[in-house]
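Descriptive analysis of the structure
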Amino acid sequence: MYNRGIRGATTVANNEANEILEATSQLLEEIVSYNEIQPDDISNVWITVTHDLDAAFPAMAIRQLDGWDMVPLMCALEIPVAGSLPKCIRLMVQVNTDKSQREMKHVYLNGAQMLRPDLASQGK
């Protein structure tokens, strides 16, 4: 068994708690669905947000999902590089699996599709 990383990102229109929480839930649910994984398969999730998103901790959305109470979560600020994509939430889901790294399906939603156009439709 290997520990693999699955990347994902999305954007929100406004710095509002409900938007941040809904976008985070949607992103994680799509990562889990596309990769056919369960919370018990996940060793941890790193969550970053851009500096313009401070209305809610995205981890709150994950904690509210069934079965996610014991998955380690860590929130952090994304490096504020000039000209980078605003209002962006990124996830790095580390999963224990027998699948190869190439079999991992990364998910990019909304405006975040521009970050990795080569991977944006990979999970669909």
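If you look the chain up in an unreviewed UniProt entry, it shows as chorismate mutase from Paenibacillus polymyxa. Here is the UniProt Catalytic activity (unreviewed entry) comment for the chain, exactly as written: "chorismate = prephenate".

Moving on, we get to the overall build of the chain. Along its length, the chain carries two helices and five strands. Going from N to C terminus, the chain has its helices and strands arranged as β-α-β-α-β-β-β. A globule of 124 residues ought to have a C-alpha radius of gyration of about 14 Å, and the chain, at 14 Å, matches this closely. If you line up the chain on its principal axes, its C-alpha atoms span 40 × 35 × 25 Å. Taking all 124 residues of the chain together, 44% fall into the buried category. Within the chain, contacts between residues at least 6 apart in sequence are counted, and of these 83% link residues at least 24 apart.

The next subject is helix α1 (residues 17–35). With 19 residues, α1 should cover 27 Å at 1.5 Å per step; its first-to-last C-alpha distance of 27 Å lies within 8% of that length. Listed in full, the buried residues belonging to α1 are Ile-20, Leu-21, Ala-23, Thr-24, Ser-25, Leu-27, Leu-28, Glu-30, Ile-31, Val-32 and Asn-35. On its buried face, α1 is in contact with β1 (2–11), α2 (59–63), β4 (88–97) and β5 (107–108). Downstream of α1 by one or two residues, Glu-36 has phi in the positive range, about 50°.

A surface patch of nonpolar side chains, about 280 Å² in accessible area, is lined by Trp-46, Met-74 and Met-92. Along the chain, Met-74 falls in strand β3 (residues 73–77).

It is worth spelling out the sheet that holds β3 at this point. Strands in a sheet are paired, the pairing made by backbone hydrogen bonds, and the direction either parallel or antiparallel. Taking strand neighbours across the sheet as the criterion, the five strands line up as β3-β2-β4-β1-β5 in an open arrangement whose pairing is mixed. Single-partner strands in this sheet number two, and they are β3 and β5. Here strand β2 (residues 42–49) pairs with β3 via five bridges, running parallel. Bridging from a neighbouring strand, Val-49 pairs with Leu-77 of β3. Sheet strands in contact with α1 are β1, β4 and β5, and its direction is about 30° off that of β4.

Among the nonpolar cores identified, the biggest contains 30 residues, and Val-45 and Trp-68 are the most heavily contacted of them. Listed in part, the six residues of the second largest apolar core include Leu-85, Cys-88, Tyr-108 and Leu-119.

Before going further, it helps to spend a moment on the UniProt feature "binding site: prephenate" (unreviewed entry) in the chain. When the UniProt feature table is mapped onto this chain, "binding site: prephenate" (unreviewed entry) is found at Arg-7, Arg-90 and Tyr-108. These annotated residues cover 102 residues of sequence, and their C-alpha atoms lie no more than 9.0 Å from one another, placing them together at a single site. As for the annotated residues named above, the ones lining the largest pocket are Arg-7, Arg-90 and Tyr-108. Relative to the helices and strands, Arg-7 resides in strand β1. Leaving out residues up to four positions away in the same chain, Arg-7 has contacts with Ile-31, Leu-91, Met-92, His-106, Val-107, Tyr-108 and Arg-116. Tracing the sequence through the fold places Tyr-108 in strand β5. Assessed through its relative accessible area of 2%, Tyr-108 is described here as buried. At a separation of 3.4 Å, a polar atom in the side chain of Tyr-108 contacts the side chain of Arg-7.

Conventions and cut-offs
- Residues numbered from 1 in each chain as written.
- Predicted model: local features only at pLDDT ≥ 70, side-chain atom pairs only at ≥ 80, totals over all residues.
- Heavy atoms only, no water.
- UniProt positions renumbered as here; feature names shortened; annotations may be inferred.
- Helix = DSSP H or I, 4+ residues; strand = E, 2+ residues; numbered from the N terminus.
- Rg over C-alpha atoms; globule rule 2.2 N^0.38 Å.
- Buried < 20%, exposed > 50% of the residue type's maximum accessible area, 1.4 Å probe, protein only.
- Contact = heavy atoms within 4.5 Å.
- Expected span 1.5 Å × (residues − 1).
- Patch = residues over 30% accessible without salt bridge, like charges linked within 9 Å, V, L, I, M, F, W, Y side chains within 5 Å.
- Areas by Shrake-Rupley, 256 points an atom, 1.4 Å probe, with all protein chains shown as cover.
- Salt bridge = Lys/Arg side-chain N within 4 Å of Asp/Glu carboxyl O.
- Pairing = 2+ DSSP bridges.
- Axes fitted to C-alpha atoms, helices over the stretch in contact; angles between N-to-C directions.
- Core = buried A, V, L, I, M, F, W, Y, C linked by side-chain atoms within 4.5 Å.
- 1 Å grid on protein atoms, 1.4 Å probe; cavity = no way out; pocket = protein on both sides within 12 Å on 5 of 7 lines; lining within 4 Å.
- Polar contact = N/O pair within 3.5 Å; in protein donor to acceptor, adjacent residues only side chain to side chain.

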